[in-house]
Amino acid sequence: MALNALGRHLALVGFMGAGKSHLAAELSRRLARPVVDVDAEIENRYREPIPRIFEERGEEGFRRVEARVVGEAAALRRPSIIDLGGGAVTCEESRGALADAFTLLVDVDADTAWRRCAGSDRPLAQDEAAFRRRYDERLPLYRQVADAAVRSGDADGAVLAAAGIHHELGALERLGELVPGDGPVALVSDTTVLGIHGPRAQEALGERLVSTHELPSGEAAKQAHVLERLWSELTLDRTATVVALGGGALTDVAGFAAATYLRGVPWVTVPTTLVGQVDAAIGGKTAIDIAAGKNLVGAFHWPARVVIDEALLATLPDRERRQGLAELIKTRLLAGSDVDVRGAAAYKAALCLRDPHDRDVRRHLNLGHTFAHALEAGAGFELAHGDAVALGLLAALRLSGRDTTPVVDALDPQPVRVDRDRAWAALQRDKKRERGEIQLVLLGPDGPVVEARDADTVRAELERLIV
Ligand SMILES: NC(=O)c1ccc[n+]([C@@H]2O[C@H](COP(=O)([O-])OP(=O)(O)OC[C@H]3O[C@@H](n4cnc5c(N)ncnc54)[C@H](O)[C@@H]3O)[C@@H](O)[C@H]2O)c1
Ligand SMILES: [Zn+2]
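Residues numbered from 1 in each chain as written. Chains lettered and ligands numbered in written order. Predicted model: local features only at pLDDT ≥ 70, side-chain atom pairs only at ≥ 80, totals over all residues. Heavy atoms only, no water.

A few points about empty space enclosed by the protein
Applying the stated criterion across every chain yields a total of two cavities of 30 Å³ or more. Reported here for the largest cavity is a volume of approximately 50 Å³. Every residue along the wall of the largest cavity is listed here: Asn366, Leu367, Gly368, His369, Thr370, Phe371, Ala396, Leu440, Val441 and Leu442. For the lining of the largest cavity, the secondary structure elements donating two or more residues are helix H15 (369-378) and strand S14 (437-444). By residue class, the composition of the lining of the largest cavity is six nonpolar, four polar and no charged. (1 Å grid on protein atoms, 1.4 Å probe; cavity = no way out; pocket = protein on both sides within 12 Å on 5 of 7 lines; lining within 4 Å. Points joined across faces, edges and corners; volume = space filled by probe spheres on them. Helix = DSSP H or I, 4+ residues; strand = E, 2+ residues; numbered from the N terminus. Nonpolar A, V, L, I, M, F, W, Y, C, P; charged D, E, K, R; others polar.)

Next comes the structure, spelled out in structure tokens:
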């Protein structure tokens, strides 16, 4: 079983009429992967429509042809989306070929499936009673082979599943089942969160829980001495999983501990802040701070699972919620739609699956952040990140020639008193200047773009954010 589709094929299974082709096209766009449509590939190769191949070779003959095409698709080096015909998984050879793929079941109820297929030329959708019988036979098989399931048409759900993200209200209560495997678990959390949600997490982990580790709350956790203490406290072998319960600071340091302890053990993040749920817990970046700067030492370590339970946000102070709201508004601008927490998580997950090591499109997530980092430096890091991002988004929108209303209405950013020269110096260090120009993530007509603006224009926009 695969935990996610990172670097591997994403195979779509499900009954006819589940909308696999439609979903495959949408996932192709979001994950920038090619689609192998197995049925279309067979028709191409045999220059005959599927009903004819069925007639001539019978179902068994067809499955053999299909298995060959599935095998070839599975052997492609580039991670792809493999859109399988409804019956492909009944064939052992096809199942074997997909053993390394991440298999996603696209779920549909029998009535909907029949409504969509009745009257088509599909050979197995000619008789309703036979169609329904087949549906009942196949369902258990689909469930058995699938690594995860989504409802028909749920593209966000498919991306989340592909990234190993589980979004469910009340998921904390089921944490024991949601941590992959059945090995021991070490729970890492911070003082505040442990006090509020710790007992329920511990209870949900049940007998798998072997130790609980309490770290300081907030940024104070992201320090080498805290990490070293955690390393020393852990008594795990490599069958164990680290579960990180907390905000972005906690998951950053716990994730780095998991990335390095015994040269890497699996970890599960359970983000408890809005920042964590839409941003920090997703994509596998982990880090601690050192004197020379924030997040300078870390590792990429993709979590075995991310468990997003929005019920955990009920206890979050407003000040912390506001931090996350800035990232949520940022994601809405990038996505060009009013995404909620689930949609924002799916948006980030798609970019991270495309670019796990942050060399390319993942940088779109830095919309507004060049200015934000400059203001933070100018404030001697006394400015909250979300407040800095809110201001940075204003500047990014103005430089993109866009209306600033969405940011003003949601975040009401007010210019801040910071050291102008330090802010400007930091901005220039942050974005290396090429021929007097500065590279920025901006919004083009079709979404985010990386574009150069001349230094004077950028400086003028930075000045507008400062009183
Ligand atoms: N790895 C990444 O990709 C990534 C992305 C964005 C941010 N980050 C990091 O995330 C950190 C910021 O994370 P954050 O904004 O979540 O803050 P945080 O982790 O510092 O938490 C803020 C405060 O809220 C408390 N808290 C957390 N959950 C709570 C809850 N449910 N109820 C009550 N109190 C709760 C914490 O104890 C803490 O005091 C920064 O260190 C940043 O560098 C990492
Ligand atoms: Zn940010």
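A look at the nonpolar core
Membership of the largest hydrophobic core comes to 76 residues, with the highest contact counts inside it found for Leu10, Leu27 and Leu84. In this structure, Ala326, Ala372, Trp424 and Leu442 belong to the second largest nonpolar core, which totals 41 residues. (Core = buried A, V, L, I, M, F, W, Y, C linked by side-chain atoms within 4.5 Å. Buried < 20%, exposed > 50% of the residue type's maximum accessible area, 1.4 Å probe, protein only.)

Description of the coordination of the zinc ion (ligand 2)
On the protein side, the zinc ion (ligand 2) has Glu327 (OE), His369 (NE2) and His385 (NE2) as donor atoms, found 2.1 Å from it. Each donor residue of the zinc ion (ligand 2) lies on the same chain, and together they follow the pattern E-x41-H-x15-H. Taken together, the residues glutamate 327 in helix H13 (residues 318-335) and histidine 369 in helix H15 connect sequence positions 42 residues apart. For the residue pair glutamate 327 and histidine 369, the accessibility class agrees, reading buried in each case. (Donors = N, O, S within 2.8 Å, 3.2 Å for Na, K, Ca; no water.)

Quick look at the site of ligand 1
Residues in contact with ligand 1 amount to 27 residues; listed here are only the nearest, Glu219, Gly248, Thr272, Thr273 and Thr315. A distance of 2.9 Å is found between an oxygen atom of ligand 1 and a backbone nitrogen or oxygen belonging to alanine 249. Surface burial for ligand 1 is 86%, taken as the share of its 870 Å² of free accessible area covered by protein chains. Counting only elements with at least two residues in the shell around ligand 1, the list comes to helix H9 (191-205), helix H11 (248-260), helix H12 (274-280) and strand S12 (293-300). At four residues, the largest contribution of residues to the shell around ligand 1 is made by H9. Grouping the constituent residues of the shell around ligand 1 by class yields eight nonpolar, 10 polar and nine charged. (Near = heavy atom within 4 Å. Polar contact = N/O pair within 3.5 Å; in protein donor to acceptor, adjacent residues only side chain to side chain. Areas by Shrake-Rupley, 256 points an atom, 1.4 Å probe, with all protein chains shown as cover.)

Structural notes on the sheet that holds strand S8 (residues 209-215)
With respect to topology, six strands assemble into an open sheet ordered S6-S13-S10-S9-S7-S8, the strand pairing being parallel. Two strands lie at the open edges of the sheet, namely strand S6 (165-167) and S8, each paired on one side alone. For this sheet, the mean angle separating the axes of adjacent strands, direction not counted, is 15°. Sheet topology places strand S9 (residues 241-246) next to strand S10 (residues 267-271); five bridges connect them, and they run parallel. Its bridge partner lying in S10, valine 242 is registered against tryptophan 267. (Pairing = 2+ DSSP bridges. Axes fitted to C-alpha atoms, helices over the stretch in contact; angles between N-to-C directions.)

Describing the packing of helix H1 (residues 20-31) against helix H7 (residues 155-163)
Contact geometry for H1 and H7: axes closest at 10 Å, N-to-C directions at 60°. Judged by the inter-axis angle, H1 sits oblique to H7. When you trace H1 past H7, the crossing you get is right-handed. Listed contacts from H7 to Leu23, Glu26, Leu27 and Arg30 of H1 are Ala155, Asp156, Ala158 and Val159. A per-class count over the contact of H1 with H7 returns five nonpolar, no polar and three charged. (Parallel < 35°, antiparallel > 145°, perpendicular 65-115°, else oblique. Left-handed = near helix turned anticlockwise from the far one by under 90°. Contact = heavy atoms within 4.5 Å.)

What to know about the side chain of aspartate 154
Its place among the elements puts aspartate 154 in the loop between strand S5 (148-151) and H7. For aspartate 154, a relative accessible area of 12% gives the class buried. In terms of polar contacts, aspartate 154 uses its side chain to reach the side chain of arginine 342, at 2.7 Å. In this structure aspartate 154 touches Leu23 and Arg342, once residues within four positions along its chain are discounted.

A few points about the packing of aromatic side chains
The final tally for this structure, using the stated rule, is four aromatic pairs. When the centroid spacing of 5.2 Å and the interplanar angle of 85° are considered together, the rings of phenylalanine 15 and tyrosine 135 count as edge-to-face. Here phenylalanine 15 is found in the loop between strand S1 (10-13) and H1, whereas its partner tyrosine 135 is found in helix H6 (residues 128-145), with 120 residues between them in sequence. There is no split in this pair, since phenylalanine 15 and tyrosine 135 are both buried. Counting every residue linked through ring pairs, the aromatic cluster contains Phe15, Trp114, Phe131 and Tyr135. (Phe/Tyr/Trp six-rings, centres within 6.5 Å; stacked < 30°, edge-to-face > 60°.)

Description of the sheet that holds S1
Taken together, five strands build an open sheet; the order of strands is S2-S3-S1-S4-S5 and the sheet is parallel. At either margin of the open sheet sits one strand with a lone partner, and together these are strand S2 (35-37) and S5. For this sheet, the mean inter-axis angle between neighbouring strands, taken without regard to orientation, is 25°. Relative to strand S3 (residues 81-83), S1 runs parallel, the two being bridged by three bridges. Residue pairing for S3: alanine 11 is matched across the bridge by isoleucine 82. Of the strands in this sheet, S1, S2, S3, strand S4 (102-107) and S5 touch H1, which is tilted by about 160° from S1.

With respect to a nonpolar patch on the surface
Residues Ile290, Leu296 and Val297 make up a contiguous nonpolar surface patch of roughly 230 Å² in combined accessible area. Take leucine 296: it is sitting in strand S12. (Patch = residues over 30% accessible without salt bridge, like charges linked within 9 Å, V, L, I, M, F, W, Y side chains within 5 Å. Salt bridge = Lys/Arg side-chain N within 4 Å of Asp/Glu carboxyl O.)

Focus on helix H5 (residues 110-117)
Structurally, the α-helix is built with 3.6 residues per turn, so residues lying three or four positions apart point the same way. Among the residues making up H5, those that are buried are Ala110, Thr112, Ala113, Trp114 and Cys117. Its side-chain oxygen at 3.2 Å from the backbone nitrogen of aspartate 111, aspartate 109 defines the N-terminal cap of H5. In the stretch just after H5, glycine 119 is the one whose phi turns positive, near 85°.

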